[in-house]
Amino acid sequence: MADYNLKEIIGKFDVTDGATPYGKGHINDTYLSNACDPRFILQRINNNVFKRPQDVMENIVRVTAHLKKKIIEEGGDPKRETLNLIKTYEGEPYYVTPKGDYFRMYEFIEGAQTYEIVEEPVHFYNAAKAFAKFQKRLADFPAEKLHETIPSFHDTTVRFQQLKEAIKKNAAGRLDSVKEEVEFALAREKDVSVIVDAIADGSVPLRVTHNDTKYNNIMIDDETGLGICVIDLDTVMPGSLLYDYGDSLRFGTNPADEDEKDLSKVYCDLNLFEQFTKGYMEELKDVMTEREKELLPFSAKLMTYECGIRFLADYLDGDTYFKIKRPEHNLDRCRTQFKLVKDMEEKENLMKEIVKKYD
Ligand code: ADP
Ligand code: GN1
Ligand code: MG
């Protein structure tokens, strides 16, 4: 994390106290307040990833207002079930430094945590319910009011092209060391257009989706174990429900870390697959189209593949997108994703049976 004058930045918001680095996200710089009550989360929006941070914030202001309304209607707690922005003294939802860095502040959600791996299978079932509920609460949000914060974010055909460009450029001179991974990626080209084609032919509808439903983007309540709040709303955009379902399984069914070096620990745990599928289907099977249901197992594999090729492309580009802590970090991440893809390919029929069981 670069050094910012946090004292001065915090001074722009309606709070007191300092803050220290927090969380394990790959994109934004996150800080937690030290000692004040209530606590807050301060974030610098990554403006290399989000070219128009003001669009991100406009989306978040609208989406959280919509969610708040729904939560109140349902008799829920809007302070814990959605993110709450803290405004600056000037009444703005974010602060732009003279150098052009965008900072925002959220109320800290107390009594809940995010996890890097699923520790209790029932938590994953609860997470599925919460992601599905999030989806339902946004079903009547006017999609045309949302900015596309990262164009073609889950268009896997575009991601495939980006990988091919990264291979061609070989900007970091690493191509020779990743021949096996490149071969694995290119051999699966036939898969990349399946979901975009289904969206184009209308069999899979566009919905307002989260698009980054990894397990550490949901707060699990310490007492009840329920998925209390969906966070990290930077990529809420029109998309497919398959992106949210698939990405959750990509991250959550792996009992090892996303950057685990020992690949023997990395696989798709079908019990966890079942927990999540059960929760998601219970909430959403009545609104899903037949094609969506049919593509659920495939989407887990495709979202995992897509993430793998993004890590690989970033490794080839010289690590310009995801935060890294070691030189081979993106390659290690790519390898776990490809190991999972291979395992999901082998388990496809079992995954289909699980989906059928809850339909
Ligand atoms: P990134 O986009 O970098 O992933 P996130 O918005 O997911 O950033 O935040 C990183 C981490 O900070 C989360 O995984 C979570 O642990 C914590 N976090 C973010 N917002 C809150 C909040 N409002 N309350 C409590 N913890 C939070
Ligand atoms: C990033 O921001 P974070 O860490 O929740 C990324 C996702 C990837 C994920 C891989 C905006 O998510 O798309 O799937 O890393 N977010 C963005 O762990 O690119
Ligand atoms: Mg996150």
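Read on for an overview of the structure. Please read all numbers here as calculations on a predicted model, not as lab measurements.

Attention shifts here to the nonpolar core. Tyr215, Tyr280, Tyr305 and Leu312 are the most contacted members of the largest nonpolar core, which has 99 residues in total. At 14 residues, helix α9 (residues 290–317) tops the list of elements feeding residues into this core. Taken domain by domain, the makeup of this core includes at least three residues from each of domain 1 (6–110) and domain 2 (121–357). Apart from residues lying up to four places away in sequence, leucine 312 is in contact with Leu163, Val178, Glu181, Val182, Ala185, Cys334 and Phe338. Phe13, Tyr31, Cys36 and Ile86 belong to the second-largest nonpolar core, a separate cluster that totals twelve residues.

The strand order β7-β9-β10 describes an open sheet built from three strands, whose pairing is antiparallel. Where the open sheet ends on each side, the last strands, each with one partner, are β7 (112–113) and β10 (227–230). Along the sheet, helix α3 (residues 121–137) contacts β9 (218–221) and β10; its crossing angle with β10, the most-contacted strand, is approximately 45°.

This brings us to the pairing of strand β3 (residues 40–44). For β3, a buried count of five out of five residues is recorded, marking the element as mostly surrounded by other parts of the structure. Burial along β3 is two-sided: the residues Phe40, Leu42 and Arg44 and Ile41 and Gln43 are all buried. Here strand β2 (residues 29–33) runs beside β3; their pairing, made up of four bridges, is antiparallel. By the bridge assignment for β3, tyrosine 31 is matched with leucine 42. Between β2 and the antiparallel strand that follows it, β3, lie six residues.

In the vicinity of ligand 1, 20 residues are found, and the nearest of them are Asn28, Gln43, Ile109, Thr114 and Asn216. Between threonine 114 and ligand 1, the recorded distance is 2.7 Å, taken from a side-chain N or O atom to an oxygen atom. Here an oxygen atom of ligand 1 and a side-chain polar atom of aspartate 232 are 3.0 Å apart. Coverage of ligand 1 by the protein chains reaches 96% of its 560 Å² of free accessible surface. At a threshold of 2 Å from the grid points, most atoms of ligand 1 map onto the largest pocket. Mapped onto the shell around ligand 1, the elements with two or more residues apiece are β3 and β6 (102–107). Looking at side-chain class alone, the shell around ligand 1 contains nine nonpolar, nine polar and two charged residues.

What counts and how
- Residues numbered from 1 in each chain as written.
- Chains lettered and ligands numbered in written order.
- Predicted model: local features only at pLDDT ≥ 70, side-chain atom pairs only at ≥ 80, totals over all residues.
- Heavy atoms only, no water.
- Core = buried A, V, L, I, M, F, W, Y, C linked by side-chain atoms within 4.5 Å.
- Buried < 20%, exposed > 50% of the residue type's maximum accessible area, 1.4 Å probe, protein only.
- Helix = DSSP H or I, 4+ residues; strand = E, 2+ residues; numbered from the N terminus.
- Domains from an automatic or database assignment.
- Contact = heavy atoms within 4.5 Å.
- Pairing = 2+ DSSP bridges.
- Axes fitted to C-alpha atoms, helices over the stretch in contact; angles between N-to-C directions.
- Near = heavy atom within 4 Å.
- Polar contact = N/O pair within 3.5 Å; in protein donor to acceptor, adjacent residues only side chain to side chain.
- Areas by Shrake-Rupley, 256 points an atom, 1.4 Å probe, with all protein chains shown as cover.
- 1 Å grid on protein atoms, 1.4 Å probe; cavity = no way out; pocket = protein on both sides within 12 Å on 5 of 7 lines; lining within 4 Å.
- Sits in = over half its atoms within 2 Å of the grid points.
- Nonpolar A, V, L, I, M, F, W, Y, C, P; charged D, E, K, R; others polar.

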